[in-house]
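Notes for the structure review
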Amino acid sequence: MHSLKIITTLLGAIALVRGQTAGTTTTTWDCCEPACGYTSNLSAGARGPVRSCNKSNGPAAAGAQNACFTQGGQAFSCSSYQPIIISNTLSYGFAGHGNTATATCCKCYQFTWTSGAAAGKSMIVQAINAGGITDTDFDIYTPGGGVGDYNACTAQYGAPAQGWGRQYGGVTSDSQCSQLPSNLQAGCHWRWQWAGGDINNWQITYKQVNCPSQLTSISGCTPATI
Ligand SMILES: *[C@@H]1O[C@H](CO)[C@@H](O)[C@H](O)[C@H]1NC(C)=O
Ligand SMILES: *[C@@H]1O[C@H](CO)[C@@H](O)[C@H](O)[C@H]1NC(C)=O
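In this report, we go over the structure that sits alongside the text. Note that this is a predicted model, so its numbers are computed, not measured.

Thresholds applied
- Every chain is numbered on its own, with residues counted from 1 as its sequence reads.
- Numbering of ligands from 1 and lettering of chains from A proceed in the order in which they are written.
- For this predicted model, a pLDDT threshold of at least 70 governs which residues receive local features, and a threshold of 80 or more governs which side-chain atom pairs are given and counted, while totals over whole chains, interfaces and linings are taken from all residues.
- Helix numbering and strand numbering both begin at the N terminus, where a helix is a DSSP run of H or I of at least 4 residues and a strand a DSSP run of E of at least 2.
- Using C-alpha atoms as the atom set, the radius of gyration is obtained and then compared with a globule rule of 2.2 Å times the number of residues to the power 0.38.
- Partly exposed residues are those falling between the two cut-offs: more than 12 but fewer than 20 other C-beta atoms within 10 Å of their own, whereas 20 or more means buried and 12 or fewer means exposed, with C-beta atoms placed from the backbone.
- The contact criterion used is a C-beta to C-beta distance within 7 Å, with each C-beta placed from the backbone.
- Think of it this way: take the backbone, place a C-beta atom on it, and check whether that atom is within 6 Å of the molecule or strand, in which case the residue is near it.
- By the convention adopted, Pro, Cys, Tyr, Trp, Phe, Met, Ile, Leu, Val and Ala count as nonpolar, Lys, Arg, Asp and Glu as charged, and the other residues, Gly among them, as polar.
- Think of a nonpolar core as buried Ala, Val, Leu, Ile, Met, Phe, Trp, Tyr and Cys residues chained together by C-beta atoms that fall within 7 Å.

Within the chain one finds five helices and seven strands. The helix and strand sequence of the chain, counted from the amino end, reads α-β-β-β-α-β-β-β-α-α-β-α. Against the compact-globule benchmark of 17 Å for 226 residues, the chain has a radius of gyration of 18 Å, which places it among compact chains. Overall, the C-alpha framework of the chain stretches about 70 × 40 × 25 Å when taken along its three principal axes. Residues classed as buried in the chain amount to 46% of the 226 residues present. Within the chain, residue pairs in contact and separated by at least 24 positions form 69% of the contacts whose partners lie at least 6 positions apart.

Quick look at the structure:
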């Protein structure tokens, strides 16, 4: 009886691990209109696109061009894409995921860190962007996370030419979050205070999950149910 229970528990644990894919996390905050803001990039069955914003975080005007690809473009990312703390061990948020937007756009994923200061903590994120990363990476939207390949933060907020901190990875300490505009500081502190460090290249295991309504109501995009 007792050993049967142990075997059953072990089998359950193995099945859980098998449903998961190994990956990594990186960080971003480029202020660009996200790739999933284009209807042509949505995954099959998704209703969207994801919201993009004007310079002051109101809804972007209809037909506004992506500030990262058009000089003077007025479609930016939204300040509401900052991480949301649910508990000491779970946060919600938004991320770039994979290189093929039509494979990932608007889908939600749950991951648990297996290395770094956040080992054992989890996030549920909705994919709002894609490209420039590996297919198993989650590029977490956190202000001061680095502008990466494209930068609209200078146009939106007057950030330095390479963004706040390093172009890739962004600010390097909690105190550097004070360089950001006040409406982005909470999401910058999240990385250092909740996750406990830089996050870049920490290891995870992840799987697709259905989206919490709290995330789809912010993004305006709902994927096909799984
Ligand atoms: C952004 O949108 C808000 C809400 O519609 C509006 O009040 C604000 O003037 C807009 N800002 C810019 C810079 O267009
Ligand atoms: C998203 O769609 C735009 C417009 O069709 C396209 O230029 C861009 O390459 C797409 N992005 C990705 C990551 O697929």
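Here the narrative resumes.
Around ligand 1, the neighbouring residues are Asn54, Lys55, Ser56, Gly58 and Pro59. Residues of the shell around ligand 1, tallied by class, amount to one nonpolar, three polar and one charged.

Our focus in this paragraph is the nonpolar core. Residues Cys36, Cys105, Cys106 and Val125 are the most contacted members of the largest nonpolar core, which totals 54 residues. Put simply, the parts of the chain that give this core at least two residues each are strand S3 (90-97), strand S4 (108-113), strand S5 (122-129), strand S6 (137-141), helix H4 (185-194), strand S7 (202-209) and helix H5 (213-219). Looking at this core, the element that brings in the most residues is S5, giving five residues. Apart from residues lying up to four places away in sequence, Cys105 is in contact with Ala35, Cys36, Asn41, Leu42, Ser43, Ala46, Ala127 and Ala130.

Taken together, the residues surrounding ligand 2 are Ala35, Tyr38, Ser40, Asn41, Ala101, Ala130 and Gly131. In terms of residue class, the shell around ligand 2 is built from four nonpolar, three polar and no charged.

Note on placement: Cys53 falls in the loop between strand S1 (21-28) and strand S2 (84-85). Remark: the alpha-carbon pair of Cys53 and Thr39, spanning 14 residues in sequence, is separated by 16 Å. The residues contacting Cys53, other than those within four sequence positions of it, are Gly58, Pro59, Ala60, Phe76, Ser77 and Cys78.

These figures come from the coordinates and say nothing about function on their own.
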